[in-house]
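Coordinate analysis (summary)
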Amino acid sequence: MAHIGRFFVDKTTVATNAGHVPEQELKNAGLKATVPRMRILEIFQKAQGGEQQRHLSAEDIYKQLVAENVEIGLATVYRVLTQFEAAGLIVRHYFGNDRATYEIDDGAHHDHIVCTRCGRVEEFVDREIEQRQKSIAERLGFELEGHALSMYGICADCRRKLAQAKQR
Ligand SMILES: [Zn+2]
Ligand SMILES: [Zn+2]
């Protein structure tokens, strides 16, 4: 029972405290505030504010840590990401390749569209799509617990670059 209670508190804290004191967030999630964990959580929190880099792979995080002169191995990054996911701090996605991408779990559902050229990820929520999925599940006799929708295409920047390359 204590476990369920703690899980609930985690979610609330992540939702309301996003972008604040990584040390406290780790404690709330039941994780000791080690240096690698704090630095990695900070990267996710910083990414949360920006538009482009909300969705990060282990390699993205590793590169940022190296750029900040943090001494850490890629294996540690993978381990910390697994711990964060288990603690409900982040969620994992697979966007059409075998490389996992992670983002902060703020509890709000959204779907994704991913550029197949540059990897840019945009988020969207569409009420009609959400409703249609519920109806389909119902029709097939399912009680819907969740879904993952990822669309793939070429983003506006990449389309412009492709058009320019053709003109030359
Ligand atoms: Zn692109
Ligand atoms: Zn997302």
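In what follows, the structure referred to is the one given above.
Residues numbered from 1 in each chain as written. Chains lettered and ligands numbered in written order. Predicted model: local features only at pLDDT ≥ 70, side-chain atom pairs only at ≥ 80, totals over all residues.

Every buried residue of helix H4 (residues 58-67) is accounted for by Ala58, Ile61, Tyr62 and Leu65. Buried residues of H4, seen end-on, are gathered within an arc of 100 degrees and therefore sit on one face of the element. Exposed residues on H4 whose side chains face more than 90 degrees from its buried face are Glu59 and Ala67. Residues of H4 that are buried in the fold lie against helix H3 (35-49) and helix H5 (74-86). Count one or two residues on from H4 and you reach Asn69, which has phi positive near 60 degrees. (Buried ≥ 20, exposed ≤ 12 C-beta atoms within 10 Å, placed from the backbone. Helix = DSSP H or I, 4+ residues; strand = E, 2+ residues; numbered from the N terminus. Arc of directions from axis to C-beta. Contact = placed C-beta atoms within 7 Å.)

Looking now at the sheet that holds strand S3 (residues 111-115). Taken in spatial order, the three strands of this open sheet run S4-S3-S5, and their pairing is mixed. Because the sheet does not close on itself, it has two edges, and the strands there are strand S4 (121-124) and strand S5 (150-153). Going across the sheet, the axis of each strand differs from the next one's by a mean of 25 degrees, ignoring polarity. (Pairing = 2+ DSSP bridges. Axes fitted to C-alpha atoms, helices over the stretch in contact; angles between N-to-C directions.)

The biggest cluster of nonpolar side chains holds 21 residues, and the ones touching the most others in it are Ile40, Phe44, Ile61, Val77, Leu81, Phe84 and Ile90. Elements supplying a minimum of two residues to this core: H3, H4, H5 and strand S2 (100-104). Considering each element in turn, this core owes the most residues, five residues, to H3. The contact partners of Val77, leaving out residues within four places of it in the chain, are Ile40, Ala58, Ile61, Tyr62 and Ile72. (Core = buried A, V, L, I, M, F, W, Y, C linked by C-beta atoms within 7 Å.)

If you trace the backbone, Gly88 turns up in the loop between H5 and strand S1 (90-94). A residue is classified by how many C-beta atoms lie within 10 Å of it, and Gly88, with 18 of them, is partly exposed. Residues Gly88 and Gly107 lie 19 residues apart in sequence; the distance between their C-alpha atoms is 9.5 Å.

Functional significance is not addressed by these values, which are geometric in nature.
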